[in-house]
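Residue-level structural notes
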Amino acid sequence: ALKALQLLQERQLNIPFIVITGSTREEAAVECMQHGAADYLIKDRLARLGQSVRHALGQKRLRDESARAEQALRESEQRYRAIFDGVRDAIFVEAPDGRILDANASACEMYGDTRENLLRKTVFDLVPRGQPAVIVGGQFEPDPFGHPLETVNVRASGEQFPVELTNRLRLRCP
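Small disclaimer: the values here were computed from a predicted structure and weren't measured.

So, on to a nonpolar patch on the surface. On the surface, Tyr80, Val93 and Leu101 cluster together to form a nonpolar patch covering roughly 230 Å² of accessible area. Positionally, valine 93 belongs in strand 3 (residues 92-94).

Our focus in this paragraph is the layout of surface pockets. Roughly 240 Å³ of internal volume is contained in the second largest pocket. What lines the second largest pocket is a set of 15 residues, and nearest its centre among them are Ile15, Pro16, Phe17, Gly36 and Arg63. Counting residues per element, the ones that place at least two in the lining of the second largest pocket are helix 1 (2-10) and helix 3 (49-86). The biggest single contributor to the lining of the second largest pocket is helix 3, with 4 residues.

Before going further, it helps to spend a moment on unusual backbone geometry. Backbone geometry places glutamine 12, a non-glycine residue, at a positive phi of 50 degrees. Summarising the element assignment, glutamine 12 is placed in the loop between helix 1 and strand 1 (18-21).

One pass over the structure, following the stated rule, counts 3 aromatic pairs. Aromatic pair phenylalanine 92 and tyrosine 111: ring centres 5.3 Å apart, planes at 75 degrees, arrangement edge-to-face. Pair noted here: phenylalanine 92 is in strand 3 and tyrosine 111 is in helix 4 (residues 105-111), with a separation of 19 residues, a long-range link. Among the residues examined, phenylalanine 92 registers a relative accessible area of 23% and is labelled partly exposed.

Along helix 2 (residues 26-34), the residues that are buried comprise Ala28, Ala29 and Cys32. Projection of helix 2 onto a plane perpendicular to its axis shows the buried side chains occupying an angular sector of 100 degrees, all on one side. More than 90 degrees from the buried face of helix 2, the exposed residues found are Glu26, Glu27 and Gln34. Following helix 2 by one or two positions, glycine 36 has its phi on the positive side, about 110 degrees.

The next point concerns helix 3. The end-to-end C-alpha separation of helix 3 is 55 Å, in line with the 56 Å expected for 38 residues at 1.5 Å each. Three or more residues of helix 3 are buried, namely Ser52, Ala56, Gly58 and Phe84. Against the buried residues of helix 3 lie strand 1, strand 2 (39-42), strand 3 and strand 4 (100-103).

Calculation notes
- Residues numbered from 1 in each chain as written.
- Predicted model: local features only at pLDDT ≥ 70, side-chain atom pairs only at ≥ 80, totals over all residues.
- Heavy atoms only, no water.
- Patch = residues over 30% accessible without salt bridge, like charges linked within 9 Å, V, L, I, M, F, W, Y side chains within 5 Å.
- Areas by Shrake-Rupley, 256 points an atom, 1.4 Å probe, with all protein chains shown as cover.
- Salt bridge = Lys/Arg side-chain N within 4 Å of Asp/Glu carboxyl O.
- Helix = DSSP H or I, 4+ residues; strand = E, 2+ residues; numbered from the N terminus.
- 1 Å grid on protein atoms, 1.4 Å probe; cavity = no way out; pocket = protein on both sides within 12 Å on 5 of 7 lines; lining within 4 Å.
- Points joined across faces, edges and corners; volume = space filled by probe spheres on them.
- Phe/Tyr/Trp six-rings, centres within 6.5 Å; stacked < 30°, edge-to-face > 60°.
- Buried < 20%, exposed > 50% of the residue type's maximum accessible area, 1.4 Å probe, protein only.
- Arc of directions from axis to C-beta.
- Expected span 1.5 Å × (residues − 1).
- Contact = heavy atoms within 4.5 Å.

Rendered as structure tokens:
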């Protein structure tokens, strides 16, 4: 049984494997289960074989569905990243308290900083004293017509530069 389980894994076959044996040694059952067996049955106690097969097939179906969902999520993330980083405007995703949760490649270039550094900052770190900051849930209400707020921001070098901010998309997170 262990040799068959090893061959199954080497060939990366996603097939439920139920061991049916004459051995009643508990250690053998534990070892087979640790090596990926779906179940371990004793030959003279096959009354639960049907239940074991249904359970093993149900578990396989759940693993397959999970793998498909994970693949779809990876593909969705790749599409999101391609769009997000392909936009020429600087885009920030921020938390209600102003923490920067994400920044696209154009934002990194415009602010002269790495994504990793920007993710350690808040939007208040990008705004010189006395200039308005746009934060989710803050005073600045999104303009349905997309009229920008003209203000000043500061690059990582300390250089101030004019920006036009729009806050047209506001997502509610639970």
